[in-house]
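Observations on the model geometry
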Amino acid sequence: MKIDAVTIFPEYFAPLKLSLLGKAQESGIVEFGIYDLRAFATNLHNQVDDTPYGGGAGMVMMPEVWGQALDPLMSAETDLIILTPAGKRFDQSMAAKFSKASHLVFACGRYEGIDDRVRQYYVSKNYRVHEVSIGDYVLGGGEVASLVMIEAITRLIPGVLGNPESLAEESHNEQGYLEYPNFTKPQNWRDIPVPEILLSGNHGEIAKWRAEQAIERAKENL
C-alpha cells in the first residue's frame, strides 16, 4: 500500500519510522510519502491560508495551494481522506475498508480547515473523497488524526503485525464489543489476584468468561 500525507508540519510524521510501521516500510509492505504543503505555495512568503469569505475568526487554507499539492498524487487508485471534525466518524469497520485500498492520501488541514472547493473539485472529477473525523473534539490539525488512522489501518494489512493471530482478538471489533481484561505474571500483585478462572486450564470456561467480560466492558464504556 502507498500512503501519502500533505501537511505544513512534515515532522509530525516521524513516528512512521518506528516499530511495526518502520519494519513494514523496510519489507516493502507499506510505502509512505510526506509532502510539505508550503512547497506548493505561489508567493514569496509561502502563504497557504487567507481570511474567510463572509467574515469570521481564523484563517482558511487556500484551494490553489492544495490543488497544486494534490494533483500529482491523485489517480484512479487513490482514496483522498480529508481530516475534519465535520467528517464521518472513524471506526474499526472504516479501518478495515481502507486497509484494502491501494493508495491513501491524507489531507491534513489546519486553522479553520481547507477551502471546501478542494473537496468539491475532486468529487466532481470522480475521485473517491472521504471527510473523516476521529472523534467529537477539535484538534490543532489533521496530523495527529492521520497518525491514528494510519496505525489502525496498516495493522490490518497482512504481514504488518509480527503475529497475525493478534488480529483474531481485537480490542474493538466490528460488532462493538471491547476486548476482555488481560493478566500476566505475577499471579498476585499488590493484593489483587488474577481471576481464578484463568488458572483453571478449562479453555471452554475461560472463553465463556472472556466473552462475558467483553460484553460488560462494552456496557460500561461504549
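Our subject is the structure that appears above.
The following paragraphs examine the structure supplied in this document. The shown structure was predicted, so the numbers you read here are calculated from the model rather than taken from an experiment.

Brief notes about the packing of helix 2 (residues 63-70) against helix 4 (residues 116-124)
For the pair helix 2 and helix 4, interaxial distance at closest approach is 8 Å and the crossing angle is 40°. Viewed along their axes, helix 2 and helix 4 adopt a mutual orientation that is oblique. Between helix 2 and helix 4 lies a crossing whose hand is right-handed. The residues of helix 4 that touch helix 2, namely those facing Pro63, Trp66, Gly67 and Leu70, are Arg117, Val118 and Tyr122. Split by residue class, the contact of helix 2 with helix 4 holds 5 nonpolar, 1 polar and 1 charged.

Quick look at the nonpolar core
Nonpolar side chains in soluble globular proteins tend to be buried together. Of all hydrophobic cores here, the largest spans 30 residues; its most connected members are Leu104, Phe106, Met149 and Ile153. Contributing elements (two or more residues each) for this core: strand 1 (2-7), helix 1 (19-26), strand 5 (78-89), helix 3 (92-98), strand 6 (103-107) and helix 5 (142-154). Leaving out residues up to four positions away in the same chain, Ile153 has contacts with Met1, Phe90, Ala95, Phe98, Ser99, Leu104 and Phe106. Counting residues in hydrophobic clusters, the runner-up holds 19 residues, among them Val6, Val65, Val105 and Ile114.

Section: the sheet that holds strand 1
Pairing is parallel across the open sheet formed by 5 strands, whose spatial order is 2-1-6-5-7. This sheet does not close on itself; its edge strands, each paired only once, are strand 2 (31-36) and strand 7 (128-133). Averaged over all neighbouring strand pairs, the angle between strand axes comes to 25°, with direction disregarded. Pairing of strand 1 with strand 6 involves 5 bridges; the strand directions are parallel.

With respect to the pairing of strand 2
Relative to strand 2, strand 1 is paired through 6 bridges, and the arrangement is parallel. What sits directly across from Ile3, in strand 2, is Phe32.

Brief notes about the packing of aromatic side chains
Applying the stated rule across the entire model yields 3 aromatic pairs. Through pairs of rings, three or more aromatic residues link up here, namely Tyr121, Tyr122 and Tyr127.

What about helix 5?
The end-to-end C-alpha distance of helix 5, which contains 13 residues, comes to 18 Å, matching closely the 18 Å that a straight helix rising 1.5 Å per residue would cover. Most of helix 5 sits inside the fold, with 10 of its 13 residues counted as buried. Where helix 5 is concerned, the buried positions are Gly142, Glu143, Ala145, Ser146, Leu147, Met149, Ile150, Ala152, Ile153 and Thr154.

The rules behind each value
Residues numbered from 1 in each chain as written. Predicted model: local features only at pLDDT ≥ 70, side-chain atom pairs only at ≥ 80, totals over all residues. Heavy atoms only, no water. Axes fitted to C-alpha atoms, helices over the stretch in contact; angles between N-to-C directions. Helix = DSSP H or I, 4+ residues; strand = E, 2+ residues; numbered from the N terminus. Parallel < 35°, antiparallel > 145°, perpendicular 65-115°, else oblique. Left-handed = near helix turned anticlockwise from the far one by under 90°. Contact = heavy atoms within 4.5 Å. Nonpolar A, V, L, I, M, F, W, Y, C, P; charged D, E, K, R; others polar. Core = buried A, V, L, I, M, F, W, Y, C linked by side-chain atoms within 4.5 Å. Buried < 20%, exposed > 50% of the residue type's maximum accessible area, 1.4 Å probe, protein only. Pairing = 2+ DSSP bridges. Phe/Tyr/Trp six-rings, centres within 6.5 Å; stacked < 30°, edge-to-face > 60°. Expected span 1.5 Å × (residues − 1).

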